[in-house]
Amino acid sequence: MSEQDLMLTDEEARDAAQSIVRRKHLLGLEEMSREEILLILQTTRSFKQIFTRSVKKVPTLRGKTVVNLFFENSTRTRTSFELAAKRLSADVVNFAVSTSSVTKGETLLDTARTIEAMGADFIVMRHRASGAPWYLSQRIRASVLNAGDGTHEHPTQGLLDAYTIMEKKGRFEGLKVVICGDIVHSRVARSNIWALTKLGAKVTIVGPRTLIPRSFAEYGVTISYDLKEAIRDADVINLLRIQMERQQRNLFPSIREYRLLYQINEQRLNLARPDVLIMHPGPINRGVEISQGVADGPASAINEQVTNGVAVRMAALYLLVGATGVEQEVPEGEA
Ligand code: CP
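Sequence order as written defines the numbering, with residues in each chain counted from 1. Given that the model is predicted, a residue must reach a pLDDT of at least 70 before its local features are reported, and side-chain atom pairs must reach 80 or more before they are shown or counted; all residues, however, enter totals for whole chains, interfaces and linings. Heavy atoms throughout the structure, all of them, feed into the side-chain values; hydrogens and water do not.

A. Representation of the overall build of the protein chain. Starting at the N terminus, helices and strands are each numbered in turn, a helix being any DSSP run of H or I of at least four residues and a strand any DSSP run of E of at least two. In terms of helices and strands, the protein chain carries twelve helices and nine strands. For the radius of gyration, the atoms used are the C-alpha atoms, and the globule rule reads 2.2 Å times the number of residues raised to 0.38. A globule of 335 residues ought to have a C-alpha radius of gyration of about 20 Å, and the protein chain, at 20 Å, matches this closely. Dimensions of the protein chain along its principal axes, counting C-alpha atoms only, are 55 × 50 × 40 Å. Only protein chains enter the accessibility calculation, which uses a 1.4 Å probe; a residue is then buried when its area is under 20% of its type maximum, exposed when over 50%, and partly exposed in between. Within the span of the protein chain, comprising 335 residues, buried residues form 56% of the whole. Residue-level accessible areas treat just the shown protein chains as cover; the underlying method is Shrake-Rupley with a 1.4 Å probe. Counting every atom, the protein chain has about 14,500 Å² of accessible surface; 47% of that belongs to carbon and sulfur. Here the protein chain holds 43 positive side-chain charges and 39 negative ones, and the gap between their average locations is 5 Å. Counted charges follow a simple rule, with Lys and Arg positive, Asp and Glu negative, and His plus the chain ends left uncounted. We put the charge of a Lys on NZ, of an Arg on CZ, of an Asp on CG and of a Glu on CD.

Written as structure tokens, this is what we have:
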């Protein structure tokens, strides 16, 4: 399958756009079709062209309000949703949970309804509980975008990772993508697996047995516990952070042991294809899952992932604006 095959026909694109508007929310990639995912990636490409202009703004979301409601910390996702909304000319409110009435015991639903009563059209939400964005989406009028829920999904991360692979490799079909590390706690792994398997990549997950649930075999991925074996001839290696904050019990003996068995360093990189792409959603534990040299080396696409995150989130807001009751204005350069 070539880059050409990743382009939707006009009819497919129209159907996928209508389907996204009907869906109204962006909760996960499991429920999205290949065509819906491809439409978001195509739209991302158009928005990325805007980044080269001196004025990086389009009027698509003028008059709309986007509220970032983050119950867990974030650097990349929260900031890039804010930038994406501002570049689409929306009004943006960043809700600070730590200084809000949540600390007095106000519930998630009351908090969201309060924000909505002030005129929010989109609520971008991160929460430690899997399913929290879905719960809100069933109870409020605004469009809900999942910015990461528990160990369930991080759909815009999955989309920006897929976009980065498409931009760098020009295809998905037949690519060997290895996702390495703390799979059990990773919403990023789940969203990547849903997107990449639908797009035709061959996905391998690798890590300590205690960090890989057996149930992942049902998702159409290859499971490995041997890093050196798994990364042989890999086209893409996506490394995950060990999520210390989600470990309920010690799932591996020590960081030293993890580093010895599962760190991607310059020596191990030689086992992959010469043009292997190194990805990491961030934040990085430098010197743990990835060596300093690989993180900052020529194979690394980590900073490009961050840049692409803004364009992907613009595309997601743009495609959902139809669900909030306005006509989309197509930006200049739209494919
Ligand atoms: N990749 C990611 O979700 O990073 P943040 O936690 O900084 O948003």
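B. Quick peek at the sheet that holds strand S4 (residues 143-149). Judged by pairing direction, the sheet is parallel, and its four strands sit side by side in the order S2-S1-S3-S4 without closing on themselves. Of all strands in the sheet, those with a lone pairing partner are strand S2 (91-96) and S4, marking the two edges. Adjacent strand axes in the sheet meet at a mean angle of 15°, parallel and antiparallel pairs treated alike. A strand pair is defined by DSSP finding two or more bridges across the two strands. Pairing analysis gives six bridges linking strand S1 (residues 65-70) to S2, with the strands arranged parallel. Considered in S2, the bridge of Val 67 is made with Val 93. Residue contacts are defined here by distance: any two heavy atoms, one from each residue, within 4.5 Å place the two residues in contact. Every angle, taken between N-to-C directions, lies between 0 and 180 degrees, and every axis is a line fitted to C-alpha atoms, over only the stretch in contact when it is a helix. Running at roughly 175° to S1, helix H3 (residues 76-87) makes contact with S1, S2, strand S3 (122-127) and S4 of the sheet.

C. Broad picture of the environment of Arg 171. Of note, Arg 171 is situated in the loop between helix H6 (155-169) and strand S5 (176-180). Distance in space between the C-alpha atoms of Arg 171 and Asp 5 is 8.5 Å, their sequence separation being 166 residues. Two N or O atoms count as a polar contact when they lie within 3.5 Å, although within protein this holds only if one can serve as hydrogen donor and the other as acceptor, and sequence-adjacent residues are included solely when both atoms are side-chain atoms. A distance of 2.9 Å separates a polar side-chain atom of Arg 171 from the backbone oxygen of Glu 173.

D. Region of the structure containing empty space enclosed by the protein. Put simply, the grid is 1 Å and covers the protein atoms alone, a cavity is a trapped set of points that fit a 1.4 Å probe, a pocket is an open set with protein on both sides within 12 Å along at least five of seven lines, and lining residues have an atom within 4 Å of a point. Grid points are joined across faces, edges and corners, and a volume is the space filled by probe spheres set on the points. The final tally for this structure, using the stated rule, is two cavities of 30 Å³ or more. In this model, the largest cavity occupies a volume close to 80 Å³. Examining the composition of the lining of the largest cavity, we find that four residues originate from one element, helix H12 (residues 302-320), more than from any other. Residues belonging to the lining of the largest cavity are distributed by class as follows: three nonpolar, five polar and two charged. One number sums up the size of the second largest cavity: a volume of about 40 Å³. What lines the second largest cavity is simply Ile 20, His 25, Leu 26, Met 32, Ile 40, Ala 316 and Leu 320. Any residue that is not Ala, Val, Leu, Ile, Met, Phe, Trp, Tyr, Cys, Pro, Asp, Glu, Lys or Arg is counted as polar, Gly included; the first ten are nonpolar and the last four charged. Class assignment of the residues belonging to the lining of the second largest cavity gives a composition of six nonpolar, one polar and no charged.

E. Region of interest: the layout of surface pockets. The space that makes up the largest pocket amounts to roughly 400 Å³. What lines the largest pocket is a set of 22 residues, among which Arg 126, Arg 187, Arg 241, Gly 282 and Pro 283 lie closest to the centre. Secondary structure elements with two or more residues in the lining of the largest pocket: H3 and helix H7 (187-199). For the lining of the largest pocket, the residue count by class is four nonpolar, eleven polar and seven charged.

F. Geometry of unusual backbone geometry. Between Gly 282 and the following residue, Pro 283, the backbone shows a cis peptide bond with an omega angle of -5°. Topologically, Pro 283 is positioned in the loop between strand S9 (277-279) and helix H11 (292-295). Unusually for a residue other than glycine, Lys 24 sits at a positive phi of about 70°. By secondary structure assignment, the location of Lys 24 is in the loop between helix H1 (10-23) and helix H2 (34-50). Exposure remark for Lys 24: the relative accessible area of 23% places this residue in the partly exposed category. At Asp 233, a position not held by glycine, the phi torsion is positive, near 60°.

G. Geometry of the packing of aromatic side chains. Only rings of Phe, Tyr and Trp enter the pairing, Trp through its six-membered ring, and a pair is recorded when the two centres are within 6.5 Å. The plane angle decides the type: under 30 degrees is stacked, over 60 is edge-to-face, the rest tilted. In the structure shown here, the tally under the stated rule is four aromatic pairs. Relative to Tyr 219, the ring of Trp 194 lies with its centre 5.0 Å away and its plane at 45°, an arrangement referred to as tilted. Here Tyr 219 lies in the loop between strand S6 (202-206) and strand S7 (222-224) and Trp 194 lies in helix H7, a separation of 25 residues in the sequence. Residue Trp 194 is classed as buried on the basis of its relative accessible area of 16%.

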